[in-house]
Amino acid sequence: PAIYGIRTMAQSSSAPLKPCTICQSESSIVVPSLAAPKHFCLLHYLGTGNHRKRSKNKRSKLFVHPLRLESQLPAVQDLFSEAFVELQKEIREESARGLDLNLNLAG
């Protein structure tokens, strides 16, 4: 049964997953479509904004291959954590520049 529109795909599924439509690596997520299903690795599912489109349409289905998803998750978590640290650094630098500019204008 589907939980929140997410269905897991058994490894022995009769319909094998195709490669990711963007990078051709092993896909873990299938987004059904009337035209043709779209296959994504976890990185490109999140990076293309498909997760946002799906959250707006609660009735849409999503098929996930849990073993592939589990194997792709650590690399994606590392990438997003690195991006978050970089963003924090840039925000600190911009804040410091703004503070320096305000102090120079006041002084």
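Please refer to the structure higher up on the page.
Residues numbered from 1 in each chain as written. Predicted model: local features only at pLDDT ≥ 70, side-chain atom pairs only at ≥ 80, totals over all residues. Heavy atoms only, no water.

**Describing the nonpolar core**
And step 1. In terms of nonpolar packing, the biggest core is built from eight residues, these being I29, V31, F40, L42, Y45, L62, V64 and V76.
And step 2. Mapped by element, the contributors of at least two residues to this core are β2 (29–31), α1 (42–47) and β4 (62–64). (Core = buried A, V, L, I, M, F, W, Y, C linked by side-chain atoms within 4.5 Å. Buried < 20%, exposed > 50% of the residue type's maximum accessible area, 1.4 Å probe, protein only. Helix = DSSP H or I, 4+ residues; strand = E, 2+ residues; numbered from the N terminus.)

**Section: a negative patch on the surface**
And step 1. Together, D78, E82, E86, E90 and E93 give the surface a local cluster of negative charge.
And step 2. The residue D78 is located in helix α3 (residues 66–106) in this model. (Patch = residues over 30% accessible without salt bridge, like charges linked within 9 Å, V, L, I, M, F, W, Y side chains within 5 Å. Areas by Shrake-Rupley, 256 points an atom, 1.4 Å probe, with all protein chains shown as cover. Salt bridge = Lys/Arg side-chain N within 4 Å of Asp/Glu carboxyl O. Lys, Arg positive; Asp, Glu negative; His and termini not counted. Charge placed at Lys NZ, Arg CZ, Asp CG, Glu CD.)

**A short note on unusual backbone geometry**
Trans is the common state for peptide bonds, and a negative phi is the common state for residues other than glycine.
And step 1. Positive phi is not limited to glycine here, since Q24 has a value of about 65 degrees.
And step 2. Relative to the helices and strands, Q24 resides in the loop between β1 (6–8) and β2.
And step 3. A relative accessible area of 53% means that Q24 is categorised as exposed.

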